[in-house]
Structure formats: C-alpha cells, structure tokens
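Fold and contact review
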Amino acid sequence: NGANKSLEKCNKFVGLEIFKEVDEVNLDKIPLFTIQGKNVYFTALLYQDNKLFKCLNYELPQEDFIDAYNKVFEILKMDEEDDLNVEQ
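Presented here is an overview of the structure given in this document. (Residues numbered from 1 in each chain as written. Predicted model: local features only at pLDDT ≥ 70, side-chain atom pairs only at ≥ 80, totals over all residues. Heavy atoms only, no water.)

**Points about the overall build of the protein**
Quick note on the threshold: Strands are runs of DSSP state E lasting at least two residues, helices are runs of H or I lasting at least four, and both sets are numbered from the N terminus onward. For each residue, the accessible area found with a 1.4 Å probe, counting protein chains only, is set against the maximum for its type, and the residue is called buried under 20%, exposed over 50%, and partly exposed in between. Throughout, a contact is declared for two residues whenever any of their heavy atoms are within 4.5 Å. Residue burial considers only the protein chains on display, and all accessible areas are found by Shrake-Rupley using a 1.4 Å probe.
Counting its regular elements, the protein contains 3 helices and 5 strands. In the protein, the succession of α and β elements from N to C terminus is β-α-β-β-β-α-α-β. Within the protein, buried positions represent 28% of all 88 residues. Sequence separation of 24 or more characterises 63% of the internal contacts of the protein that already satisfy a separation of 6 or more. Counting only carbon and sulfur atoms, one obtains 47% of the accessible surface of the protein, whose full area is about 6,500 Å².

Structure follows, in structure tokens:
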C-alpha cells in the first residue's frame, strides 16, 4: 500500500504484532514482519500452545531501540527469557 510517511516524522517507533492463530500460507510471511530502520523497529511473535511466543526472524534491536523494545515487553508483562522462543 506504499510507505507510511508519518513514520518518517517519529523519533522512535517500536511495533510488535502477535499472531495467535495463523494458517500455513501466512506462517511463511511472519518472518517478513521483522524490519529495522533509522527510526523503526517492528517484529512479530507467534503464540505457541505451551504459553510461549516464538519470533521467527529475531533481529537484535539496535542500541537506539533497546529501551523502547524493553518497555513494550514490560507493558505486556512478558519476559524475554521466560516467554519468548527466539529463532535466529
């Protein structure tokens, strides 16, 4: 649908999309959700049956995004070590 020009105006944007149910076609697309740029970090998590979340294309956030990234998980009451299964 084209670039979102309003993202260019933000200082930092950290986005997280959580998929609870996904079909096989979209499962292949989830790794494409991880992007990182000058002022944007976005990734996706897939909910697992064992109450864990899997990141299918984990990319370590750049230094500028670490605080905001951690804040997102704090708000969600998720712990990276306890709740995430990261595939690199």
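Further notes follow.
**A closer look at the packing of aromatic side chains**
Rules: Two rings from Phe, Tyr or Trp (for Trp, the six-membered ring) form a pair when their centres sit within 6.5 Å of each other. Planes less than 30 degrees apart are called stacked, planes more than 60 degrees apart edge-to-face, and all others tilted.
Using the criterion set out here, one finds 6 aromatic pairs in the structure. With 6.3 Å between their ring centres and 40° between their planes, tyrosine 41 and phenylalanine 65 make a pair best called tilted. Of the two residues, tyrosine 41 sits in strand S3 (residues 40–47) while phenylalanine 65 sits in the loop between strand S4 (53–55) and helix H2 (66–75), which places them 24 residues apart along the sequence. Here tyrosine 41 and phenylalanine 65 have matching classes, each one buried. Arranged with centres 5.6 Å apart and planes meeting at 90°, the rings of tyrosine 41 and tyrosine 69 form a pair that is edge-to-face.

**Here we look at the pattern of salt bridges**
Let me state the cut-off plainly: The term salt bridge refers to a side-chain nitrogen of Lys or Arg lying within 4 Å of a carboxyl oxygen of Asp or Glu.
Taken as a whole and judged by the stated rule, the model has 1 salt bridge. In this structure, the salt-bridge partner of glutamate 74 is lysine 71, at a minimum N-O distance of 3.4 Å. Pair noted here: glutamate 74 and lysine 71 are both in helix H2, with a separation of 3 residues, about one helical turn. With a relative accessible area of 43%, lysine 71 lands in the partly exposed category.

Remember, this is a structural readout, not a statement about activity or role.
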